[in-house]
Amino acid sequence: CQRYLYAPLGSMPISEIKTIDITKIMNTVEGRLYEDLRVVLNSVFKYALANGMLTHNPMLLIPFKKAERNNRRALTKAEKKKLFERLEMPEFSEYKLPFMIMYYFGLRPCELEDSHFEGDFLVARNAKRKGGKIEYKKIPIHKDFRSMFNTAEVTMPHRTDVLNRIFKRIMDDEEVTQYFLRHTFATVCQQYVRPDIVDIWMGDSSERLVGRVYTHF
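Residues numbered from 1 in each chain as written. Predicted model: local features only at pLDDT ≥ 70, side-chain atom pairs only at ≥ 80, totals over all residues. Heavy atoms only, no water.

1. Considerations on the overall build of the protein chain
Scanning the protein chain from N- to C-terminus turns up 10 helices and 3 strands. Order of helices (α) and strands (β) in the protein chain, N terminus to C terminus: α-α-α-α-α-β-β-β-α-α-α-α-α. Within the span of the protein chain, comprising 217 residues, buried residues form 39% of the whole. Sequence-distant contacts, at least 24 apart, represent 56% of the contacts inside the protein chain between residues at least 6 apart. (Helix = DSSP H or I, 4+ residues; strand = E, 2+ residues; numbered from the N terminus. Buried < 20%, exposed > 50% of the residue type's maximum accessible area, 1.4 Å probe, protein only. Contact = heavy atoms within 4.5 Å.)

In structure tokens form, the structure reads like this:
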């Protein structure tokens, strides 16, 4: 967000920034970036308003445009087979561990960086907590896969957006994303594990998300 805001607004006192100045910036972006910029700017101006630095919030006239989301789903049996086979190829070997962790533990890509193996468990920081609250989840390693994981060191080879492009290359399909791995994990777990336990592993509310969004029988 900073590179879009600093040049046009960085030298201006916050009290002099008008809706038209913000509109010029917002007209240059779209999708999730539009959403993120609007959230950041609205938070800044609301804080300034609460501290008496402004008489009104110039963001009130900036419309909220929800970005279109691609529907995500669990991987099919054929897609799983393709994933496992292609991860054995030398060109994709360094990505095998991060994608297998997402597949077998349902981590969000951004949670890889703050995760590690501890005995027969994977410990990861839950990324979806408001107000900067720090909370960890502890997910057991299935006994059939302990030899694969419990001595491994979790690495984050690239940014999440780069990993997503690599995942598309592995699957040779522009429609799939690495988030399909999380949906696959949830779908399998819901068939064998109590929903409240799956809720803990996923790091989401079962009423809000796990059963309604992530499960694809």
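The rest of the description comes next.
2. Quick word on the packing of aromatic side chains
With the rule as written, the count across this model stands at 9 aromatic pairs. With 5.2 Å between their ring centres and 75 degrees between their planes, F105 and F149 make a pair best called edge-to-face. Highlighted residues: F105 in helix α5 (residues 96-105) and F149 in helix α6 (residues 146-149), separated in sequence by 44 residues. On the accessibility criterion, F105 (1% relative accessible area) is buried. A relative accessible area of 0% means that F149 is categorised as buried. Ring-pair connections join several aromatic residues into one group, and the members of that group are F84, Y103, Y104, F105, F117, F145 and F149. Just above the ring of Y179 sits the side chain of R72; from NZ or CZ to the centre is 4.1 Å. (Phe/Tyr/Trp six-rings, centres within 6.5 Å; stacked < 30°, edge-to-face > 60°. Lys NZ or Arg CZ within 6 Å of the ring centre and 35° of its normal.)

3. Section: the pairing of strand β2 (residues 121-125)
In the sheet, strand β1 (residues 115-118) pairs with β2 via 4 bridges, with the strands oriented antiparallel. What sits directly across from S115, in β2, is A124. Count of turn residues in the β1/β2 antiparallel hairpin: 2 residues, of which G119 carries a positive phi of about 65 degrees. Here β2 runs beside strand β3 (residues 136-140); their pairing, made up of 5 bridges, is antiparallel. (Pairing = 2+ DSSP bridges.)

4. Notes on helix α8 (residues 179-192)
For α8, spanning 14 residues, the distance from its first C-alpha to its last is 21 Å, which sits close to the expected 20 Å at 1.5 Å a residue. Among the 14 residues in α8, 10 count as buried, and that is most of the element. Among the residues of α8, those classed as buried are F180, L181, R182, H183, T184, F185, A186, T187, C189 and Q190. (Expected span 1.5 Å × (residues − 1).)

5. A closer look at the sheet that holds β3
Pairing is antiparallel in the open sheet, where 3 strands are placed in the order β1-β2-β3. Sheet topology places β1 and β3 at the edges, where each strand pairs with a single neighbour. Each neighbouring strand pair of the sheet contributes to a mean axis angle of 25 degrees, computed without reference to strand direction. (Axes fitted to C-alpha atoms, helices over the stretch in contact; angles between N-to-C directions.)

6. Considerations on the side chain of E111
With respect to the element layout, E111 can be found in the loop between α5 and β1. The exposure class of E111 is buried, given its relative accessible area of 1%. Here A127 takes part through its backbone nitrogen, which lies 3.0 Å from a polar atom of the side chain of E111. Beyond its immediate stretch of four places on either side in the chain, E111 contacts A124, R125, N126, A127 and K137. (Polar contact = N/O pair within 3.5 Å; in protein donor to acceptor, adjacent residues only side chain to side chain.)

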